[in-house]
Amino acid sequence: MTVEEKRPLHSRFQRHCGTLFWKSYLQRHRRWRILVMETLFALCLYCVSVYIAKPVFMTPIKAIPEPPLTSADIIASLNTQNILGYAPNIPPYTYIMNKAAGRLGVDTMSASTEDDLNNMLYNRSQGTPISNPIIWVIWKLEVNRMWRFSIRSTERARYATRSENTVSHNPHLRSGFLAVQLAVSEALLEYVSVTPPSYELSLVSMPVSPLMQENRVRQAISGILLCFTLAMLPPVLETQALVVKETINRFKRALRLRNVDYSSMYLGWLVYAYLTVLPVCLLGSTCLLLIFRWIHLLYSFIILLAYVSVMIMLALIMSMFHDTAWVAIVWTTLFTLMQTFVAELIIHHQIDSAHPALTFLLHVIIPPLGLQHAMNEFALLQTGQECHAEGQSMIFTTFFWLFMIAAYFSVLMLLQRTVKQIAIGGEVSWKSVLFKKIEDINMLHRIENPTGRERDKLQEVDELVAKAISMRNVSKSIMDRPVLNNITLDIYRGEFTILHAELIQVKMMTTFEDLITGLTLPDKGSINILGEELRPGLNLMSMQTMMGYCHRSEFLIDDLTVEEHFILFVSLCLWNETSQYVSEYGHLRSKYLLKECNLEGVKREYIRNLDGYYKGQLCWAIAMLLEPRIIIIPHFTGNPHYTAVIKDKIMQYRKYITLIKVSYASVYMEYADRVFIFDNRSLVFGGTPAFMFFKYGREYRLRITFRNNRYTEGKDELLDKASEVGATVRAHLGTLLILRVPTRPTAKVADFVKTMNDNASKYGILSISISIADSEEVLSALIAGVFIGLSLSQVLTDIEHDRVAKKILHGEILTVEALEQKTTLVLQSDNSSAAQSIANAYVLSETNATEKEIENMAYTALQHTESITEYLVTRAIDSPQHYVYMFAYGMEVSSINDIISIKVLYSPIHYDHGAAARSLARVYMALIRHYTVSLDATIQVTDDPLALDLTPWVKYAEHPPIFIQFLLILTISHMILIPSLESGFIRHTQCYTINFSPLRYWFSMFICDLILYWMLVAVMSGAIVGIMTLVAPFYFGVSDIAIITVILAVYGFGCIPQAYLFSLGPRAALNSMIFIMVNIVFGETTVLAKLFYGNALDYALNFLSFSPQFNMAYALIKIKKIFLYNSECNIFKRRNLCSSKTLHKCCPKCGVLQQCFSKQYYLLNAPGVRMEIFAMFSIAIIFATILLTWEYKYIQRFCSYVICKWIYIDKKETSVETLGVIQEKADVVNKTIEMRSKTSIKRDTFGEYLLASNMSQRHYGKYVIRHINFGIGRGEVLALSGLLHHGRLKLCELLAGLKLPNEGRLWSMSKWSLDRNPYQYSRQISLSCRHNPVPHWMTVYDALALIAVLRGVPRSDVRKEISNYIDALELHNFTYKLIQYLEPNEQTRIHFAAAVIGSPPVIILDECTAYQKYSVQRAMYSIIHNLRKRGHAIFISSSSVESHMPVTNRLAIFVNGRIYDIDYVDNLVTRYSDKGYTVVVHLKNDIDIERMFSNYFKTFVINDVTEVLANVQVLDADLTWATIFEKMEKLQAENHNVYSYVVSSVPIDYIYNSILSSESGQVDDVEPKSIFTKYLCQSKPKKRPNKHALAKLRPFEKKYSITKLKELPWSVIFHR
C-alpha cells in the first residue's frame, strides 16, 4: 500500500476556512487605502477623545487645591446678615450659644422649641419673604456625655433643592454652616473641658484628583464612548458592505456550489473584519491606556475587541435582510447610534445604578452600555463601592458578550436557509433546521408505477445515445409550494442544450439549476449525472472531470488577480487532496487555461482593472478548471463583451462538452442542439429546434388587421372559410386576427387568400401579412396615555418620599460612620502626650456605632517626620482606584509650646460634599474626649437643611420624561407607514390627476391622521383621568387634564408633517427607524446639551426649537412643574400637613422664604406652555413647506441641474441615426418651433398630445435614456418594442412625469412642459407598468373607485364605470379582494384599469397584455381602440412586436436606451428586408428554375437552390398576396416537377429580433467621470482587448433564414 493510499482525509472545514482566510487577507491587503483612511479617521476621533479626556483624566493632581483656612477664616465666612437662632433656650445651651454668637459676631434668637422659632420668624416676615440666610441650632438633651445638636440652614436647603445640581466645592462653608459648627463646637468644648483648651485649628484640603469630579467624568466618558463607537463603525460597515456585495453578486452561491459551508464563509468574512478592526482596536486600547493610565493594555484591548465583535455580528445579521449595501449600512449605522444614545440616556438618568440586575442584562442587549460601564470602571466612577465587584461585573459582561457572539453566529447560520430573499438552494422552515428528522434508511418505500406517458413531451431519441443528465419523475416543493412537477428528461453528452422559460418563472428555473448542481435534492424522483446518482453529500462541482459552472462576471473578486482566482477555486474544490497535488494540478491547469483563454497578458492584473472581455474569459476558465464534462451557463445579462466571449466558447466546445444554458429569451433557442421548454412547473417540450419547427412551425402565420373592433357577420364568415382550409386561430385580439394556416394543399390556401383579397371591404380587412413561423412564434404556440398619568401621580407621591425630602425632614448625621462607606482616615501626630491623646481619641469609633458602620473603615498613621501631602499624592498616583473615594478625611496634630496645632484634612471635591463638616466634627469629637478625659464623650452634629416653605420636588420635576417621549414617538411613527407604502408611483398616480394635487393629497392625509391622532389623544386623556382618579383622586382638576389633552393635540400639528418628511423614501421600515432615531435624539437633546455643553443649554435651543419632540419634552416639564405647584396645596389640605409644616406656601403662615400660594396658569407665556404651542404651529408650517417643495419637484429639478451642469459635465455622445429617427427628429424640431411661435393656428397635429425633444437621462453620468425624439398626436398610438433592461420602463417613467430627464424637454397637450410645469404636465398622463399604482391594502373596487373619482368621473357614474372595466377584464371574482393577495397577472389587469379609468388625455401602457388570456387581451385592445377613437393619445410598449399590432401600425424599436428606428411597420419591413415575396418550391427533379419562373414573373432573384428546393425572391411591383398565390397555383399546375410551394415575407418580429441580437450591448462602455474623479481621483484605465481579439470571437451560427434553404424553417417545412 502506497503512502498516498495511507494518508488520512483532510478536514473540509479546515481547508475551506484556510483558503477563505487567505482570500480575506489578500482583499484586506489590496484595500490598504481604505484601511488607512479608516485608521486615520479612527485616529482623529481618538485624538478628539484624548482632547475630551484631557481636562479630567490627564490633568495633574493638585497637591494644594485650596488655601488652608484658619478658624478666623471659617468664622468670617458667615454672612453678617445671617439670622441665627437656637432652641431650647435653657442652660447650658444658653451659655454655649451666647459664647458662639459672640464668636460669630451676630445676634441670636432663642425659643423653647423650633416651632416657636419658626413663629418668631413668621412674625418678623409679616408675609414678605425673607432674603437673609437663616440658621437654627436645635439642641437635643445631653445623654451620657453625648452632645448632639442639629444645624438647620436655609442655604443648605436651597442647595439640596436646586434644580440644576451643580457641584459646589465645600457647600457647607459657603452657606455659613461650617462657621456655626465651628463656633458652637468651640463654645461647647470650653464648657465641658476640665482645663481651658489651648489649640489652634485650621481646615486644610487634601490633594485632589480630577477623577473626583463625577459630572465632568460622565461628560468626558460620554464623549469618549461616542468617539470610540464612531471610530469602530467604518470597519464594521466595510465588512457588511463586502458581505452584501458578495452575496448579491452570487459569489456566495458560487461557494455553495463547491460545497463550502456557511460557517466557513462567514468565518472568512470575520477574518476580514478582524483584520480591518485590528489597527483600530489597537489604537483604541492605546488611547484608553493613555487616558486611563492605570489600566492594562490587554484588558482594554479585549474589552474593545469583544465590543466590536458584537457590532460585527449584528451587522452580519442585518445584512441578511437587505440586497443593497447602502441600505444595510444605513440600518446598521442607525441601529448602532441608537444603541449608543440609549446607553447615554441610561447612564445620564442613572437608571443603571438604580437597577443593577437590569443593567447587567442591558449590557448584552445594548453593547455600548457595557463599554461605557467598562470606561466607568476605568474612570473609577463607582465611588464608595468595592472596586473588585465592578471588575468582576465587566469580566462577566465580556464573557456574556462572547456567549452572545456565539448565539448571534448560530442565528446567522439559521437565517441562511430561512430568509426567503437569499436562501441558496431554496427556503426552508426554521423548524426543519432546528428539528431535523432522522430518516430510517431501512424503511420500505412505495415505488410508483410508471404511467408510460412520462416522455410524451420529449422527442424520441435512440436509447443508446450517451446521456449526461437523466431526470425521472422529479418533483420539488419549496415551503410546501410546488415548483417543479414530474419532470422527466435526458440531456445528452456533447450537446448544447437550452433550458427555456419565461422570465416570470425565474424561481422555477433557479430551482431546476439547484437540483442539477446538487444544491438541493428532489422531493420525489431521481437525478443521474454522468452515472452518479445525486445523494446527500455528493458534490459534483468540486469533483474532477464532472461539472463546471460558468458564472457571470459580477461574481469575480475585484481585489484578486486572475492567477489567484485559479488558486482559490482549485483549493476549494480539491480540499481532500494534498497541498502538493493541489499546487501542481493548479499550476498545470492555470498554465493551460491562461493560454487557451488569452489571459497570459493579464494574469497578474486585478479584476477591477479588466474589461468585460477578460472577465468573460476568466469565468469560462474557472468553469473549465477541473476539466468538466458538463458546464452550466446562466442567462446572459452581463457586459456585451462577456456575452460575446461566452458565445465564442459555446461555439468552440459545443461538440466536446455538454453545455447547458438557462435562457429567458426565445432569440437563442434556434442556436441550440436541444431545447427544453418549461411552463407552469412542468416540462412542455423537449427536442431539437428542427423537431420543434417540424412539429409546430410548418404552417403559415396569417396576420389580418381589421379597420375596427366591432363585431360583424363578415368576421364570422371569414372564420368559417378559414376553418374550411384547416386554419386555426392563434390569436383573436379585436382588430388583429392571427391564423395558423397549413401550407398544403396549396390550392385551398390560394383560394382563401383570393377570397380575403376580393372581399376585403366586406370583411373590414385593412392589411394582410403572410409569413412562416420563427422561433418566437413556435415558442408562443407552446406556452402612550397611561404612562403620562402614572408619571404625574408618581411625582405627586414622591413629594414626601423622594431622597431630598427625606434628607430635609430627617437630616444627615455628620459622622464618618454614618456613611457606611469604605474609607481610610489619615492621621499624623508628633510624640507629645497631648497629640498622642487626641490621636487615640480620633481613631476610636463614634459612640454607639454599629459593627456594620465601622467594618469598612480603616486608619493610616504617619510619623511626624513624614509629609502627609506627599503621602497622599503618592497614593493618588500609585492607586487612583482607591484614592478617588477612600481618602476624604484626616487630621494632622502636633504640640508646639503647649499649644496644640490641629489641621483638619478633607477632600474638597469628594463625592461626599460634607467632607469638611464631617472631618471637622470628628476632630472635635477627639478634642472633647481629650479635654474631658472621657473616651465615650462625643459631639454629634446633624446637617438638617431648613426647608421651611421651600419645595424639594423641584429638583426632580425638570427631568425629561424619557419613556413618555418614546411612546409618543411610537404613536406618531405609525403615520409614516401609509405614506411610505404609497411612496413613488402610488402617490404619483393619486396626486397628479385632474381633480387632485400634491397639496390636496398631503392636506387630506394630514386631516385624516390628525383626526386619528386626536382619537388616540382622547383615549390617552381618558387613561390619564382613570389613573389619576384611582391614584390621586383629589389632587387634580379639569384644567390639569385639559392642558395635557391640548398639548398632546398640538403636538400632532408639528409632528405629523415631520413624519411625512421621513416617509418620502420607499422603504417603510427604514423610514420609521430613521424617524424614531432622530426624534429620540431631539427629544433628549437636554441630555446631549448637558453632555457636551454642561448647563449652557442655550447653545442648542435655537436649533432644537425646530424639533416637535424637544418642544413636547419642554412643555411636559413645564406642565409637570405647574401641576405639582398647584397640587401641593391640595396635598397639604387633604393630609393636614400644615400641622407639621406650619411655614409653607399652602398654610396660613406663609411667605417666609417664598411667596404665598398663587395659582399658576398653563397657557401663560412665562411659566406656561404658550411659547411651545406657537413653536409647534411654526414647525408645522416649515415642514409642510419643505414637503410641498419636494412634491412639486423643485428640489429634484435643482439637484438635476447641479449634477448635469457642474458634476458630470462630459456629454460626448455619438451614434449613427437611422432614416426613421432622422425624420422623426425633424418633425419634433418643426413642432417645437410651431409651439414657440405666437400664432394660434396649429398647422400639424404631430406631437399635439405628447412630444419628446432630445430627451435623455443619466445615472451617475452614464446615459440610461439617450436622445429620444417622437411625437404623438390626438387619436394616435405609438408602439415601442424593447427589452426591460435596455431602459424601456425608465423611458415610460420619464414620459409619465414620475422621473425628470437630465436633458431635453417633454410637452403634453402642446402646452405643459415637464421641466417647467411638472404638475400640469403629469396630470394629463397616466401610466400602467410593473409599478403598483394603487394601495395594495385596498380592494379592487375601492382602489379603482379612488382613481376614478380623482380623475373626475362623476360619483353617480363611478359604479357603472368600474363595473364595465371589471367585467371586461374578468375581475368580477376579485372585486372585493385585497390587491396584495392577487396573482401577478391579475394585478397587471388592475394596473391597466387604473391607467385607463377616467380616460386621461395621454395613456402610457407598458407590457399590459403579457401573459394574459386572449379574452382579456381582446378586452384590453378593445378599450385601447375606443380610447383612440375618442381622441386620446396612447403610448404602448412591450418586449415583443406582436402585442402592438392590434392597436397601431407605427412602431419604434428601442435598443440600449435609444430609439433605433421608428416608422410604420410596412416601411420598417421594406427597409430591413429584401423586397418582394419569398417563394420556396419543392421540386421532384432537377429543372431550370430561372426559365420556369420567367414564364410567370417579370423580375425575380434566385436566392438559393438545393437538389429538391429552390428559394426565389419575386420582385414584381404589381403583385399582391392574392395574385402571387394565383400565379404560383398556375405555376404548380403547369409544371409537374413542382410538388408544392410556400410563399412568405419577412415578418416584423424577425426584423425586431435581428436588430436586438446585432445591436444589443453595442454601447460605449467608458465609465463617465464626475468633476471630482476627473481631477482628484485619477484611476488606472482598464485592460481592454485589441480589435483583432474581439474580431476573432465567433458568434452563434445563424440557424434561421428566409433566403437560405439549409437553415430553419426550410430544412423541415416540407418533411412529411
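Fair warning: this is a prediction, and the values are worked out from it, not measured in the lab.

### Some remarks on the overall build of the chain
Phase 1 of the analysis: From N to C terminus, the chain includes 62 helices and 40 strands.
Phase 2 of the analysis: Each of the 1616 residues in the chain was classed as buried or not, and the buried ones make up 57%.

### Observations regarding empty space enclosed by the protein
Phase 1 of the analysis: Taken as a whole, the largest cavity holds about 90 Å³ of empty space.
Phase 2 of the analysis: Every residue lining the largest cavity is counted, 14 residues in all, and those nearest its centre are T989, I1325, S1326, L1327 and R1351.
Phase 3 of the analysis: The set of elements that each furnish at least two residues to the lining of the largest cavity consists of α40 (985-991) and β32 (1325-1328).
Phase 4 of the analysis: In the lining of the largest cavity, the residues fall into 7 nonpolar, 5 polar and 2 charged.

### Structural notes on the pattern of salt bridges
Where charged atoms of side chains with opposite charge meet at close range, the side chains can pair.
Phase 1 of the analysis: The final tally for this structure, using the stated rule, is 42 salt bridges.
Phase 2 of the analysis: The partner of R152 in a salt bridge is D944, and the shortest N-O contact between them spans 3.4 Å. Here R152 matches D944 in class, with each residue buried.
Phase 3 of the analysis: A salt bridge links E513 to R253, with the nearest nitrogen and oxygen atoms 3.1 Å apart. Here the residue E513 occupies a position in helix α20 (residues 506-517), and R253 occupies one in helix α11 (residues 251-257), the gap between them amounting to 260 residues. Across this residue pair, the class does not change: E513 and R253 are buried.
Phase 4 of the analysis: One network of salt bridges, in which partners are shared, links R250, R253, E513 and D514.

### Re the sheet that holds strand β11 (residues 532-533)
Phase 1 of the analysis: Read from one edge to the other, the open sheet built from 4 strands follows the order β8-β7-β10-β11, with strand pairing classed as antiparallel. With one partner strand each, in any of the chains shown, β8 (481-492) and β11 form the two edges of the open sheet.
Phase 2 of the analysis: As paired strands, strand β7 (residues 467-478) and strand β10 (residues 524-529) are joined by 5 bridges and run antiparallel to one another. Paired with S470 across the bridge in β10 is N528.
Phase 3 of the analysis: Sitting on the sheet, α20 touches β7, β8 and β10, and the angle it makes with β8 is about 55°.

### A few points about a negative patch on the surface
Phase 1 of the analysis: Residues E713, D716, D720 and E724 make up a contiguous surface patch of negative charge.
Phase 2 of the analysis: For E724, a relative accessible area of 57% translates into the label exposed.

### Considerations on the sheet that holds strand β18 (residues 728-732)
Phase 1 of the analysis: Spatially, the 4 strands line up as an open sheet ordered β18-β19-β17-β20, and their pairing is antiparallel. Here the strands that pair on one side only, and so sit at the sheet edges, are β18 and β20 (765-772). For this sheet, the mean inter-axis angle between neighbouring strands, taken without regard to orientation, is 20°.
Phase 2 of the analysis: Inspection of the sheet shows β18 paired to strand β19 (residues 736-742) by 4 bridges, in the antiparallel sense. For H732, the partnering residue across the bridge sits in β19 and is L737.
Phase 3 of the analysis: Along the sheet face, helix α27 (residues 746-758) touches β17 (699-706), β19 and β20 and points at about 10° away from the line of β17.

### A closer look at the state of the cysteines
Phase 1 of the analysis: This model, assessed by the stated rule, comprises 0 disulfides.
Phase 2 of the analysis: Looking at the unpaired C227, the closest cysteine sulfur is the one in C287, lying at 8.6 Å.
Phase 3 of the analysis: Cysteine C1292 is unpaired, with the sulfur of C1329 as its nearest cysteine sulfur at 7.1 Å.

### Structural notes on the packing of helix α3 (residues 32-57) against helix α10 (residues 214-248)
For any two helices packed against each other, one specifies the crossing angle of their axes together with the interaxial distance.
Phase 1 of the analysis: The N-to-C vectors of α3 and α10 enclose an angle of 175°; their axes lie 9 Å apart at closest approach. Relative to α10, α3 is oriented roughly antiparallel.

### Examining the nonpolar core
Phase 1 of the analysis: Formed by 294 residues in total, the largest nonpolar core has its most connected members in F57, F678, F1493, I1524 and F1525.
Phase 2 of the analysis: The next biggest cluster of nonpolar side chains, apart from the first, holds 66 residues, and it includes A187, V816, I902 and V904.

### What to know about helix α22 (residues 579-596)
Phase 1 of the analysis: In this model α22 runs 25 Å from its N-terminal to its C-terminal C-alpha over 18 residues, within 8% of the 26 Å that 1.5 Å per residue would give.
Phase 2 of the analysis: Inspection of α22 places V582, Y585, G586, R589, S590, L593 and L594 among the buried residues, and these make up the whole buried set. Projection of α22 onto a plane perpendicular to its axis shows the buried side chains occupying an angular sector of 155°, all on one side. Exposed and oriented more than 90 degrees from the buried face of α22 are Q580, L588, K591 and K595.
Phase 3 of the analysis: Phi for N598, located one or two positions after α22, is positive at around 55°.

### Here we look at helix α2 (residues 12-30)
Phase 1 of the analysis: Taking 1.5 Å per residue as the helical rise, α2 with its 19 residues ought to reach 27 Å, and the 27 Å between its terminal C-alpha atoms agrees with that figure.
Phase 2 of the analysis: All of the buried residues in α2 are R15, H16, C17, T19, L20, K23, S24, L26, Q27, R28 and R30.
Phase 3 of the analysis: On its buried face, α2 is in contact with α3, α10, α11, α12 (262-291), α21 (562-573) and α22.

### Regarding the side chain of S285
Phase 1 of the analysis: Summarising the element assignment, S285 is placed in helix α12.
Phase 2 of the analysis: Ignoring anything within four residues of it in the chain, the contact list for S285 reads L297, S300, F301 and L304.

### Quick notes on the packing of aromatic side chains
To describe a pair of aromatic rings, you give the distance between the ring centres and the angle between the ring planes.
Phase 1 of the analysis: By the definition in use, this model includes 34 aromatic pairs.
Phase 2 of the analysis: An angle of 15° between the planes, with centres 5.9 Å apart, marks the rings of F685 and F691 as stacked.
Phase 3 of the analysis: Over the face of the ring belonging to Y842 we find R922, whose NZ or CZ atom lies 5.5 Å from the ring centre.

### Some words on the environment of I487
Phase 1 of the analysis: By the element assignment, I487 lies in strand β8.
Phase 2 of the analysis: Assessed through its relative accessible area of 0%, I487 is described here as buried.
Phase 3 of the analysis: Here the alpha-carbon distance between I487 and N473, two residues 14 residues apart in the chain, equals 5.0 Å.
Phase 4 of the analysis: Once residues lying within four places of it in the same chain are set aside, the contact partners of I487 are M471, R472, N473, V474, F512, F678, R681, S682 and L683.

### Looking at the pairing of strand β39 (residues 1509-1514)
Phase 1 of the analysis: The element β39 is largely enclosed, with a buried count of 6 among its 6 residues.
Phase 2 of the analysis: Residues L1509, N1511 and Q1513 point to one face of β39 and A1510, V1512 and V1514 to the other, with burial holding for every one of them.
Phase 3 of the analysis: As paired elements, strand β37 (residues 1477-1483) and β39 share 6 bridges and run antiparallel to each other. Within the sheet, the bridge partner assigned to V1481 lies in β39 and is A1510.
Phase 4 of the analysis: Judged from the 5 bridges that link them, strand β38 (residues 1500-1505) and β39 form a sheet pairing that is antiparallel.

### With respect to the packing of α21 against α22
Phase 1 of the analysis: Viewed as axis vectors pointing N to C, α21 and α22 meet at an angle of 135°, and their least axial separation amounts to 10 Å. One way to sum up the angle between α21 and α22 is to call them oblique. Viewed along their axes, α21 and α22 form a crossing whose handedness is right-handed. The residues of α22 that touch α21, namely those facing V562, E563, F566, V570 and S571, are V582, G586, S590, L593 and L594.
Phase 2 of the analysis: Considering only residue class, the contact of α21 with α22 consists of 6 nonpolar, 3 polar and 1 charged.

### Concerning the pairing of strand β30 (residues 1303-1308)
Phase 1 of the analysis: In terms of residue burial, β30 counts as a mostly covered element, since 5 of its 6 residues are buried.
Phase 2 of the analysis: With 2 bridges connecting them, β30 and strand β31 (residues 1312-1313) associate as antiparallel partners. Paired with W1307 across the bridge in β31 is S1313.
Phase 3 of the analysis: Linking two consecutive strands that pair antiparallel, namely β30 and β31, is a turn of 3 residues; a positive phi of about 60° is found at M1309 within it.

Calculation notes
Residues numbered from 1 in each chain as written. Predicted model: local features only at pLDDT ≥ 70, side-chain atom pairs only at ≥ 80, totals over all residues. Heavy atoms only, no water. Helix = DSSP H or I, 4+ residues; strand = E, 2+ residues; numbered from the N terminus. Buried < 20%, exposed > 50% of the residue type's maximum accessible area, 1.4 Å probe, protein only. 1 Å grid on protein atoms, 1.4 Å probe; cavity = no way out; pocket = protein on both sides within 12 Å on 5 of 7 lines; lining within 4 Å. Points joined across faces, edges and corners; volume = space filled by probe spheres on them. Nonpolar A, V, L, I, M, F, W, Y, C, P; charged D, E, K, R; others polar. Salt bridge = Lys/Arg side-chain N within 4 Å of Asp/Glu carboxyl O. Pairing = 2+ DSSP bridges. Contact = heavy atoms within 4.5 Å. Axes fitted to C-alpha atoms, helices over the stretch in contact; angles between N-to-C directions. Patch = residues over 30% accessible without salt bridge, like charges linked within 9 Å, V, L, I, M, F, W, Y side chains within 5 Å. Areas by Shrake-Rupley, 256 points an atom, 1.4 Å probe, with all protein chains shown as cover. Lys, Arg positive; Asp, Glu negative; His and termini not counted. Charge placed at Lys NZ, Arg CZ, Asp CG, Glu CD. Disulfide = S-S within 2.5 Å. Parallel < 35°, antiparallel > 145°, perpendicular 65-115°, else oblique. Core = buried A, V, L, I, M, F, W, Y, C linked by side-chain atoms within 4.5 Å. Expected span 1.5 Å × (residues − 1). Arc of directions from axis to C-beta. Phe/Tyr/Trp six-rings, centres within 6.5 Å; stacked < 30°, edge-to-face > 60°. Lys NZ or Arg CZ within 6 Å of the ring centre and 35° of its normal. Left-handed = near helix turned anticlockwise from the far one by under 90°.

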